Amino acid sequence: MSVNNILFDEPGPKARRRILIGTITTLIVFLAILILLLLEFAKKGQLEPERWLQFTDFYVWKFLGEGIWHTVKAATVAMLGVIPAGAILAMGRISERRIIRWLATAYIEAFRSTPMLLLVYIFVGVLPSFGFNPEVFWKLVIPIILGASAIMAEVFRAGILALPKGQSEAASALGLSHGQKMRLVIFPQALKLVIPALITQMVSVLKDTTLGYAASYPELLKSAANLTTYTGYLIQTYLVIALLYVATNFALSKFAHWLEEKLNGPNHPQIKVGGKVVV
Amino acid sequence: MNNLAVFGFAIATTLALTGIGFLGSMVIGGLIAVFRVSPIKPLQIFGGIYVEIFRNMPMLCLLMIMVFGLPDMGITLPLFWCAAITMMLLGGSFAAEALRSGINSVSVGNAEAARAIGLSFSQSLRYVILPQAATAMVQPLVTVLIGQLMGSSLAATISVHELTYETQLYNLNNAGGLTIFAIASVFYITVSLSFGWLGARLENKIRMAR
């Protein structure tokens with residue numbers, strides 16, 4: 001707990017006693033809140049067994065399982081588009097040619113600041129009348145790729161900027177051209193730096209797939225919504241689905257942290273986008 | 001003229017959601033950050049769990065709980081507030097992290113020196129730690145603010161009459177096509193670039209030589 005080292009000295013006997021009293025009081029308050037919450041649930045009949053036992057039903061999971069499969073498919077295909085598109089955009093943003101640099105920057109700034117839902121609505125509601133009417137899967141995945149690749153480009157760029165300057169200077173001193181320098185020296189090293197950040201981006205792409213709800217693509221959230229129209233067990237279903245998302249994303253983030261330590265060591269440079277450390 | 005009024009109201013709603021969402025995020029984020037740095041273990045753990053739950057939760061999922069789940073518990077909120085509270089809860093986790101990492105960016109020696117010269121807890125916070133931490137907090141908090149603007153668009157899925165909702169509705173009712181979407185997207189881009197620009201100015205203003 002480095003923050004605590006910044007704010008506090010090692011507590012003495014008096015402070016330790018106060019901390020103990022504080023700890024006990026907080027525990028009591030938390031316990032009281034939890035009990036009140038459960039009582040409220042019980043009073044509204046939300047704890048009735050059959051409302052929760054639906055999650056032991058094979059057919060419920062078979063139904064939700066299809067949603068999970070669609071979510072995984074959308075997230076995976078989106079990532080397969082986002083990674084190369086992000087890499088190309090990042091290269092464009094630091095290109096030597098001004099026009100390429102300008103175009104890449106404009107793309108990144110525009111798509112980083114356009115809500116993805118707006119893009120989804122364009123694919124659902126506008127483009128079909130222009131003759132572009134793919135399967136609903138693509139009406140979700142293409143907007144995700146368009147939006148998320150702009151953020152991914154910033155991740156790659158942060159990785160490139162995090163490399164020591166000497167790398168680029170040494171490559172230039174060897175007489176490599178800009179393209180060779182990028183391809184042979186900078187990009188491979190930057191890639192290694194940002195691999196953990198790629199996994200963190202997977203978390204945000206996974207969240208983005210819930211827009212399938214708006215595109216009527218039957219991913220997990222939409223499937224859950226469909227399920228509730230049959231069962232009417234709203235709170236239970238959405239809470240369990242939320243737990244699934246949180247647990248998956250939590251596991252992915254922890255994996256990214258672990259990979260960061262493993263690949264880049266404890267003193268790894270930080271990959272920041274918008275001032276925020278990505279991993 | 002009628003359309004102008006509709007879109008004026010839509011833009012006002014989008015900005016209101018963004019503003020309210022961000023203010024709420026700051027309050028929750030501040031509280032959670034204090035929890036996480038407090039010497040009391042249960043508060044630390046609660047803060048940690050809060051952050052992990054809400055930064056890993058898709059916004060639409062929480063929105064569904066608010067809109068469809070809560071009425072089952074006898075709590076029915078207006079749709080605008082369903083969206084606003086969802087944004088606050090999620091934004092709070094990101095704001096808490098931004099505040100905490102800001103304090104983390106102050107070197108331990110600085111804080112120890114502040115205590116060594118006899119500054120009290122609040123004095124060392126006020127004169128030594130926060131002025132330095134603030135610079136590091138600005139950019140991530142601007143990112144939270146822009147995140148709120150982006151997130152406000154999801155209120156369209158629950159028929160809050162904000163910009164994204166009115167845009168797609170207009171497209172359904174008229175042959176608006178790409179134009180209306182382009183205008184909406186230019187609005188979002190302009191506002192979020194302005195946020196970024198204001199943030200950079202603020203950061204420069206409060207930056208101190210280290």
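First things first, this report covers the structure right here in the doc. On a predicted model such as this, the values are computed, not experimentally measured, just so you know. (Residues numbered from 1 in each chain as written. Chains lettered and ligands numbered in written order. Predicted model: local features only at pLDDT ≥ 70, side-chain atom pairs only at ≥ 80, totals over all residues. Heavy atoms only, no water.)

**Examining the overall build of chain B**
Then, number 1: When its secondary structure is counted, chain B shows eight helices and zero strands.
Then, number 2: Helices (α) and strands (β) of chain B occur, in sequence order from the N terminus, as α-α-α-α-α-α-α-α.
Then, number 3: Here the C-alpha coordinates of chain B stretch approximately 70 × 45 × 20 Å along the principal axes.
Then, number 4: Per-residue burial over chain B gives 52% buried out of 210 residues.
Then, number 5: Taking the contacts inside chain B whose residues are at least 6 apart along the sequence as the reference set, 75% of them involve residues at least 24 apart.
Then, number 6: Surface summary for chain B: the accessible area is close to 9,300 Å², and the carbon and sulfur share equals 70%.
Then, number 7: Positive and negative side-chain charges in chain B, numbering 10 and 7 respectively, have mean positions lying 16 Å apart. (Helix = DSSP H or I, 4+ residues; strand = E, 2+ residues; numbered from the N terminus. Buried < 20%, exposed > 50% of the residue type's maximum accessible area, 1.4 Å probe, protein only. Contact = heavy atoms within 4.5 Å. Areas by Shrake-Rupley, 256 points an atom, 1.4 Å probe, with all protein chains shown as cover. Lys, Arg positive; Asp, Glu negative; His and termini not counted. Charge placed at Lys NZ, Arg CZ, Asp CG, Glu CD.)

**Focus: the environment of leucine 169 of chain B**
Residue and element names in this part refer to chain B.
Then, number 1: Along the chain, leucine 169 turns up in helix H7 (residues 163-173).
Then, number 2: Exposure remark for leucine 169: the relative accessible area of 27% places this residue in the partly exposed category.
Then, number 3: Separated by 13 residues in sequence, leucine 169 and alanine 156 place their C-alpha atoms 9.8 Å apart.

**Describing the interface of chain A and chain B**
Then, number 1: In this complex, chain A contributes 56 residues to the contact, which on the side of chain B involves 57 residues.
Then, number 2: Both faces considered, chain A and chain B share a buried interface measuring about 5,000 Å² in area, 73% of it formed by carbon and sulfur atoms.
Then, number 3: The interface formed by chain A and chain B includes one salt bridge.
Then, number 4: Between arginine 51 of chain A and aspartate 72 of chain B there is a salt bridge whose closest N-O contact spans 3.9 Å.
Then, number 5: Linking chain A to chain B there are five residue pairs in polar contact (both at pLDDT 80 or more).
Then, number 6: Elements supplying a minimum of two residues to the side of chain A that touches chain B: helix H1 (2-7), helix H2 (13-43), helix H5 (98-112), helix H6 (116-126), helix H9 (178-208), helix H10 (212-215) and helix H12 (234-264) of chain A.
Then, number 7: Broken down by element, the residue count for the side of chain A that touches chain B peaks at 12 residues, all from H12 of chain A.
Then, number 8: For the side of chain A that touches chain B, the class distribution of residues is 31 nonpolar, 16 polar and nine charged. (Buried area = accessible area lost by both parts, 1.4 Å probe. Salt bridge = Lys/Arg side-chain N within 4 Å of Asp/Glu carboxyl O. Polar contact = N/O pair within 3.5 Å; in protein donor to acceptor, adjacent residues only side chain to side chain. Nonpolar A, V, L, I, M, F, W, Y, C, P; charged D, E, K, R; others polar.)

**Observations concerning H6 of chain A**
Then, number 1: Most of H6 of chain A is tucked away: nine of the 11 residues are buried.
Then, number 2: Turning to H6 of chain A, its buried residues number three or more, namely Met116, Leu117, Leu118, Leu119, Val120, Tyr121, Ile122, Phe123 and Val126 of chain A.
Then, number 3: Buried residues belonging to H6 of chain A abut H5, helix H7 (136-162), H9 and H10 of chain A together with H7 and helix H8 (177-206) of chain B.

Take it as geometry only, folks, not as evidence of what the structure does.
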